[in-house]
Amino acid sequence: MGDLVIDFVNAPRHPGDGAGIGRPEELAAWLTEAAPEVIPLLPTDTPGLRALHTEAVALQRAIRAIMREVTEGSPPDEASQWVLDACLSELGRSESLASNPDESQPFAVDVHLFARGPRAPLGVVAREAAQLLGSVAPQRLRQCAAEACERWFVDLSKAGRRKWCSMATCGNRAKASRYRERHSGTE
């Protein structure tokens, strides 16, 4: 649930930090892989990619701020909500009836995305962010409890007590650190 938006808010913001939105080209590559339906909407010129990158950084900050506010029980600030809404408003969507080669269902709904403005490629991320925020209980939306980690996740565990974005990395480090603290000086 919310994988696209969680991946987006957790994507590295700085060049060289791995696949993410650190540079305009990295953003285009990330969007192409994460949301292939936006490929026709992506700008192909350098100034267009730079403008989209600036908007993506603003959207990433806005979604993080909204997530933080929602988990704290506060309403989202207007500026962050405006950024999210602006991206949503620039993604157009039309649906039409199309023939379906599957004989059990002779027709299907064909969805077409189109750009109403330069932020349109980010509209897919904004739409999923709005859906996530509207469907997940605030106490299930969490930021990793590890000291040096800022990653977000949706706690889908049965008990609802997950603390770390990943047990294999942050959880393991935290447990190893506690072990070292308990056993330091006892040798």
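Residues numbered from 1 in each chain as written. Predicted model: local features only at pLDDT ≥ 70, side-chain atom pairs only at ≥ 80, totals over all residues. Heavy atoms only, no water.

1. As for the overall build of the protein chain
When helices and strands are counted, the protein chain shows six helices and four strands. Reading the helices (α) and strands (β) of the protein chain from amino to carboxyl end gives α-α-α-α-β-β-α-β-β-α. The buried share among the 187 residues of the protein chain stands at 39%. Across the protein chain, the fraction of contacts at a sequence separation of at least 24, relative to all contacts at a separation of at least 6, is 50%. (Helix = DSSP H or I, 4+ residues; strand = E, 2+ residues; numbered from the N terminus. Buried < 20%, exposed > 50% of the residue type's maximum accessible area, 1.4 Å probe, protein only. Contact = heavy atoms within 4.5 Å.)

2. Quick word on the nonpolar core
Soluble, globular proteins show a tendency: their nonpolar side chains are buried together. Core analysis: the biggest nonpolar cluster contains 37 residues, and I6, F8, L31, L59, I63, V125 and L141 have the highest contact counts within it. When residues in this core are grouped by element, the largest group, nine residues, is from helix α3 (residues 46–71). Setting aside residues up to four positions removed in sequence, I6 forms contacts with M67, L132, L141, W152, F153 and V154. Among the nonpolar cores identified, the runner-up in size contains seven residues, and A146, C149, F153 and C170 belong to it. (Core = buried A, V, L, I, M, F, W, Y, C linked by side-chain atoms within 4.5 Å.)

3. Observations regarding the pattern of salt bridges
The full count for this structure, using the stated rule, is seven salt bridges. Where R142 meets D155, a salt bridge forms, and the shortest distance between an N and an O atom there is 2.5 Å. Linking R142 in strand β3 (residues 141–143) with D155 in the loop between β4 (152–154) and α6 (167–183), this pair joins segments that are 13 residues apart in sequence. You'll find R142 and D155 in the same group, each marked buried. Shared partners join several salt bridges into a network, and the residues in it are R23, E25 and E26. (Salt bridge = Lys/Arg side-chain N within 4 Å of Asp/Glu carboxyl O.)

4. Details of helix α4 (residues 78–89)
Relative to the 16 Å expected for twelve residues at 1.5 Å per residue, α4 spans 16 Å between its end C-alpha atoms, a close match to the ideal helical length. Looking only at α4, the buried set comprises S80, V83, L84, A86 and C87. Axial view of α4: buried residues confined to an arc of 155°, hence all on one face. Opposite the packed face of α4, turned more than 90 degrees from it, sit the exposed residues E78 and W82. The elements touched by buried residues of α4 are α3, β1 (91–99) and α5 (120–135). A side-chain oxygen of the first residue of α4 lies 3.1 Å from the backbone nitrogen of A79; this N-cap is D77. (Expected span 1.5 Å × (residues − 1). Arc of directions from axis to C-beta. Polar contact = N/O pair within 3.5 Å; in protein donor to acceptor, adjacent residues only side chain to side chain.)

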